[in-house]
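Okay, here's what each chain looks like letter by letter:
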Amino acid sequence: MEQSSTVPNGSARESHFAALLSAGEKIEPRDWMPVAYRRTMIRQIAQHAHSEVIGQQPEGNWITRAPSLARKAILVAKVQDEAGHGLYLYSACETLGISRDELNELLHQGRQKYSSIFNYPTLSWADVGAIGWLVDGAAITNQVTLTRTSYGPYARAMVRICKEESFHQRQGFEIMTTLAQGSEAQRAMAQDALDRWWWPSLAMLGPPDEQSTHTDQSLQWGIKLETNDEIRQRFVDQTVPQAHFLGLHVPDEALAWNEGRGHWDFGDIDWDAFWEVVRGNGPCNHERLAHKVQAWQDGAWVREAGLAYAAKQAHGAPRNSA
Ligand code: BYC
């Protein structure tokens, strides 16, 4: 078939894609993109969306037990925000030509991942503080760079998500501050939560650069703007002074300020433990995925009702008719 004069041929499309990237412009759903770029974007955005949705479970676990009505209301709002983040991200992912049903199916079959961090249990109220402070803190450190990622719908979703995540980080730090300034038992709870969440929070930023399979290509495509290790160092540098402000001990005997580098040196992360969790063998992997699948099955009637309502509206029923 003859090529239309307005549709560039193969190499022209590749040059156009490369030109957009080198001009710092966004790749939009209408633009041609290499198959592997599309595949990488679907993988990363889907993994991110699944993390937001599954990430509701460890904190949702504390909604009924939050220590005051105000704390309950704040936690409900936070958990609801995470569902919203999942929604923006699934929508961004759908612009790449995959449906939300397919994405859920891939997650439920274990063919797509979600973040390692949500496979740890929340044993005390202080864990809700530690998640906000450390997990949301690590997530924002990464996601602020992703507001400049090369795929337009993902970058725009990140702007709003980062604004909400910074509230989350502050609510977590406020819980930790209250506990750290409280009774001896409360300080011990805060310290115990920091002890358990510190290392998994460092690891959630991805494997070390030499073990990272996607970083080099993702940097070339402007999907990533920094490596996993660079982001991890920034997170440590931001967070250690916060722990000191709280009067808590960071559970790392190798932690030391390095005047020459202008950064905190920190100890070795147990990457074998991280890969075990990624492979599905963490403390809560089974429970988290089983709960997600159950919620999807239980919600089938809501999706069916939504579709039936939409079909009825499409056939001209008045908006307020049930
Ligand atoms: N967990 O080549 P690499 C939140 C996998 S939710 C599991 O470095 P990449 C929140 C990786 O997928 C925040 N797997 O990968 C929600 C790859 O395996 P595959 C979640 C991991 O993509 C509720 C392999 O390891 N944030 O904030 O270049 C409540 C090699 O890795 C993990 C995002 O998802 C992990 N932690 O870089 C509270 C941010 N790390 O796929 C809070 C978006 C790596 O080849 N994602 N793997 O089988 C990213 O920025 C990047 O995907 C990563 C990894 C930096 C995470």
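Calculation notes
Residues numbered from 1 in each chain as written. Predicted model: local features only at pLDDT ≥ 70, side-chain atom pairs only at ≥ 80, totals over all residues. Heavy atoms only, no water. pLDDT = per-residue confidence, 0-100. Contact = heavy atoms within 4.5 Å. Near = heavy atom within 4 Å. Polar contact = N/O pair within 3.5 Å; in protein donor to acceptor, adjacent residues only side chain to side chain. Areas by Shrake-Rupley, 256 points an atom, 1.4 Å probe, with all protein chains shown as cover. Helix = DSSP H or I, 4+ residues; strand = E, 2+ residues; numbered from the N terminus. Nonpolar A, V, L, I, M, F, W, Y, C, P; charged D, E, K, R; others polar. Buried < 20%, exposed > 50% of the residue type's maximum accessible area, 1.4 Å probe, protein only. Expected span 1.5 Å × (residues − 1). Arc of directions from axis to C-beta. Axes fitted to C-alpha atoms, helices over the stretch in contact; angles between N-to-C directions. Parallel < 35°, antiparallel > 145°, perpendicular 65-115°, else oblique. Left-handed = near helix turned anticlockwise from the far one by under 90°.

**Points about the confidence of the model for the protein**
Caution is warranted with low-pLDDT regions, since their predicted coordinates should not be read in detail.
Moving on, step 1. Here the protein shows a mean pLDDT of 95. Residues at 70 or above account for 96%.
Moving on, step 2. Counting interchain partners and residues more than four positions distant, the pLDDT-below-50 stretch residues 1–7 has two contacts.

**Considerations on the site of the ligand**
Moving on, step 1. Neighbouring residues of the ligand: 34 residues in total, closest Lys113, Asn142, Ser212, His214 and Lys224.
Moving on, step 2. At 2.9 Å from an oxygen atom of the ligand is found a main-chain nitrogen or oxygen belonging to Thr213.
Moving on, step 3. Calculation on the ligand without its partners gives an accessible area of 1100 Å², and the protein chains cover 92% of this total.
Moving on, step 4. Breaking the shell around the ligand down by element, the ones donating at least two residues are helix 2 (35–54), helix 4 (69–94), helix 6 (125–146), helix 7 (152–180) and helix 11 (271–281).
Moving on, step 5. Among the elements that make up the shell around the ligand, the one with the highest residue count is helix 2 (six residues).
Moving on, step 6. Here the shell around the ligand is built from residues that sort into 11 nonpolar, 14 polar and nine charged.

**A short note on the environment of Thr145**
Moving on, step 1. Its place among the elements puts Thr145 in helix 6.
Moving on, step 2. By relative accessible area, Thr145 is classed as buried at 5%.
Moving on, step 3. For the pair Thr145 and Cys162, spaced 17 residues apart in the sequence, the C-alpha separation amounts to 9.9 Å.
Moving on, step 4. Leave out the neighbours within four places in its chain, and Thr145 touches Leu225, Glu226, Ile231 and Arg234.

**Section: helix 1 (residues 10–22)**
Along an α-helix, a turn takes 3.6 residues, which lines up residues three or four apart on a common side.
Moving on, step 1. With 13 residues, helix 1 extends 19 Å from end C-alpha to end C-alpha; this agrees with the ideal 18 Å at 1.5 Å per step.
Moving on, step 2. Inspection of helix 1 places Phe17, Leu20 and Leu21 among the buried residues, and these make up the whole buried set. An end-on view of helix 1 places all buried positions within 100° of arc, on one side of the element. When the buried face of helix 1 is taken as reference, the exposed residues oriented beyond 90 degrees from it are Ser11 and Ser22.
Moving on, step 3. Buried residues along helix 1 sit in contact with helix 2 and helix 9 (215–220).
Moving on, step 4. Among the residues trailing helix 1, Gly24 stands out with phi positive, at a value near 75°.

**Observations regarding the packing of helix 4 against helix 6**
Moving on, step 1. Following both chains from N to C, one finds helix 4 and helix 6 inclined at 40°, their axes separated by 13 Å at the closest point. One way to sum up the angle between helix 4 and helix 6 is to call them oblique. The handedness of the crossing between helix 4 and helix 6 is left-handed. Facing helix 4, whose interface residues are Arg71, Leu75, Lys78 and Glu82, helix 6 presents Trp125, Val128, Ile131, Gly132 and Asp136.
Moving on, step 2. Residues that form the contact of helix 4 with helix 6 fall into these classes: four nonpolar, one polar and four charged.

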